[in-house]
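Next come the chains, spelled out residue by residue.
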Amino acid sequence: MDERAALARVADLVPAAGDDAALLGDTVVTIDMLHDRTDFPAGTTRYTQGWRAVGASLSDVAAMGADATGAVAVYGAPDFDPDALEAFVRGARDVCERVGAEYVGGDLDDTAEFTTATTAVGATDTPVFRSGAEPGDAVCVTGDLGRSAAAIDAFRAGDHERGNDLFRFTPRVRAGVALAPHATAMMDSSDGLARSLHQLAEASDCGFSVDSAEIPVVEGVAFERAVTFGEDFELVCTLPPASVEQVETDVPLSVIGAVTEGGVRLDGEPLPDEGYTH
């Protein structure tokens, strides 16, 4: 099975699964695992690894419209180099501080390759799920797409400083909290915009019509790559048209299209379900 088939199989056993984080009362909780081989190109520092790994989980909290409260991480490595371990913890702590959360520790393990599993916790009394989009709603995204694609290009070109800088994104926790009272559906774009739209369409039983001219892309990244590469950790949400102007006073947003009755289309043509796959 690929990742999506595995998730579908799990969903049959765990009905509460399916959104970016699990909701337990007014608490949201999420977990992620990242590896050297698949997630961190050569040149990624331990500081960036700590930041990015914990940031990925904080992004899931943001996607639920929750305020992040804390995070923990497992640090697995072939050896416990003191400088590397300290750098990882500093990165994890700093990304938490960036969004007003607290890094409170974790676990250590001996692994063949560097591996980290991170958990983030948040709180909300107005959670946003993937399943509430309605035809006529506006489709919006935060930030620019293609940041991680640009980072990979930088690492491959040997510009490790730029690659690390681009990899250290700010989780959109504040935006998620501001959007929560208004958004009808929301998720993060870790699998890419194209796949996110298909996932929202499936969860909400709707469609989308989006305009390429309105989709913000990082300079120097090809459009198709920007919308399918993934790992950008921006928020993709739907809003009633009357709420867009109100929300834009607090959250920089790009309105890229509208919710429709069915089908996912870009500039009037079917948009393939392509994106990041673990």
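Note that the coordinates shown come from a computational prediction; the quantities given were computed from them, not determined experimentally.

1. Details of the sheet that holds strand E11 (residues 264–266)
Logical step 1: One open sheet holds the seven strands; their spatial order is E7-E9-E6-E10-E8-E11-E12, and the pairing between them is mixed. Either end of the sheet is taken by a strand with one partner, and the two such strands are strand E7 (185–188) and strand E12 (269–270).
Logical step 2: Note that E11 and E12 share two bridges and pair antiparallel. Bridge assignment links Arg265 to a residue of E12, and that residue is Pro270.
Logical step 3: In the packing of helix H8 (residues 193–204) onto the sheet, the strands contacted are strand E6 (138–142), E7, strand E8 (207–210), strand E9 (235–239), strand E10 (253–260) and E11, and the crossing angle to E7 comes to about 145°.
Logical step 4: Contacting E6, E9 and E10, helix H10 (residues 241–248) crosses the sheet at an angle of about 165° to E10.

2. What to know about the environment of Ala194
Logical step 1: Structurally, Ala194 is set in helix H8.
Logical step 2: The exposure class of Ala194 is buried, given its relative accessible area of 0%.
Logical step 3: Apart from residues no more than four positions distant in its own chain, Ala194 is found in contact with Val227, Thr228, Leu271, Pro272 and Glu274.

3. A few points about the side chain of Asp137
Logical step 1: Structurally, the position occupied by Asp137 is in the loop between strand E5 (115–123) and E6.
Logical step 2: Among buried Asp, Glu, Lys and Arg side chains, Asp137 stands out as unpaired, with Arg130 the closest opposite charge at 15 Å.
Logical step 3: Dropping the residues within four chain positions of it, Asp137 is found in contact with Gly132, Thr184, Thr238, Leu239, Pro240, Pro241, Gly257, Ala258 and Val259.

4. Thoughts on the sheet that holds strand E2 (residues 27–35)
Logical step 1: Overall, mixed pairing links the five strands, which are arranged E1-E2-E5-E3-E4 in an open sheet. Looking along the sheet, the strands with just one partner apiece sit at the ends: strand E1 (22–24) and strand E4 (102–110). If you compare each strand with its neighbour and ignore which way they point, the axes differ by 20° on average.
Logical step 2: The sheet contact formed by E2 and E5 spans nine bridges and is antiparallel. Note that in E5 the partner of His35 across the bridge is Thr115.

5. So, the pattern of salt bridges
Logical step 1: Within the structure shown, the criterion is met by six salt bridges.
Logical step 2: Among the salt bridges present, the one from Asp153 reaches Arg225, with a minimum N-O distance of 2.9 Å. With Asp153 in helix H5 (residues 147–156) and Arg225 in helix H9 (residues 223–228), the pair connects residues that are 72 residues apart, well separated along the chain.

6. Focus on the UniProt feature "binding site: Mg(2+) 4" (unreviewed entry) in the protein
Logical step 1: In the numbering adopted here, UniProt assigns the feature "binding site: Mg(2+) 4" (unreviewed entry) to Asp20, Thr30 and Asp60. These annotated residues cover 41 residues of sequence, and their C-alpha atoms lie no more than 7.3 Å from one another, placing them together at a single site.
Logical step 2: Mapping Asp20 onto the fold places it in the loop between helix H1 (3–13) and E1.
Logical step 3: Non-local contacts of Asp20, meaning those with residues more than four positions away in its chain, are made with Thr30, Asp60, Ala63, Met64, Arg130, Met186, Met187 and Asp188.
Logical step 4: Secondary-structure assignment places Thr30 in strand E2.

7. Remarks on the pairing of E9
Logical step 1: The buried fraction of E9 amounts to five of the five residues, a majority that puts the element mostly inside the structure.
Logical step 2: Residues Leu235, Cys237 and Leu239 line one face of E9 and the alternating positions Val236 and Thr238 line the opposite face, and both faces are buried.
Logical step 3: Examined bridge by bridge, E6 and E9 share four bridges and lie antiparallel to one another. Counterpart to Val139 in the pairing with E9 is Thr238.

8. Considerations on H10
Logical step 1: Among all positions of H10, only Ser243, Val244 and Val247 are buried. Considered in projection along H10, the buried side chains sweep an arc of 120° and stay on one side of the axis. Turned more than 90 degrees from where H10 packs its buried face, Pro241, Ala242 and Glu245 sit exposed.
Logical step 2: For H10, the secondary structure elements touched by its buried residues are E6, helix H7 (173–179), E9 and E10.

Criteria and thresholds
Within every chain, residues take consecutive numbers counted from 1 along the sequence as written. pLDDT decides what is reported in this predicted model: residues at 70 or higher carry local features, side-chain atom pairs at 80 or more are listed and counted, and totals for whole chains, interfaces and linings draw on all residues regardless. Working from all heavy atoms in the structure, the side-chain values ignore hydrogens and water. Any two strands between which DSSP finds at least two bridges are classified as paired. The helix and strand labels rest on DSSP assignments: H or I over at least four residues marks a helix, E over at least two residues marks a strand, and numbering proceeds from the N terminus. For this analysis, residues touch if any pair of their heavy atoms sits within 4.5 Å. Every angle, taken between N-to-C directions, lies between 0 and 180 degrees, and every axis is a line fitted to C-alpha atoms, over only the stretch in contact when it is a helix. Per-residue accessibility, obtained with a 1.4 Å probe over protein chains only, is compared with the maximum for each type, and a residue is labelled buried under 20%, exposed over 50%, and partly exposed between these values. Charged-residue counts in this description rest on Lys and Arg as positive and Asp and Glu as negative, His and the chain ends being excluded. Salt bridge, as used here, is a side-chain nitrogen of Lys or Arg placed within 4 Å of a carboxyl oxygen of Asp or Glu. UniProt positions are given in the numbering used here, feature names are shortened, and annotations may be inferred rather than shown by experiment. Throughout, the arc means that of the directions going from the helix axis to the C-beta atoms.

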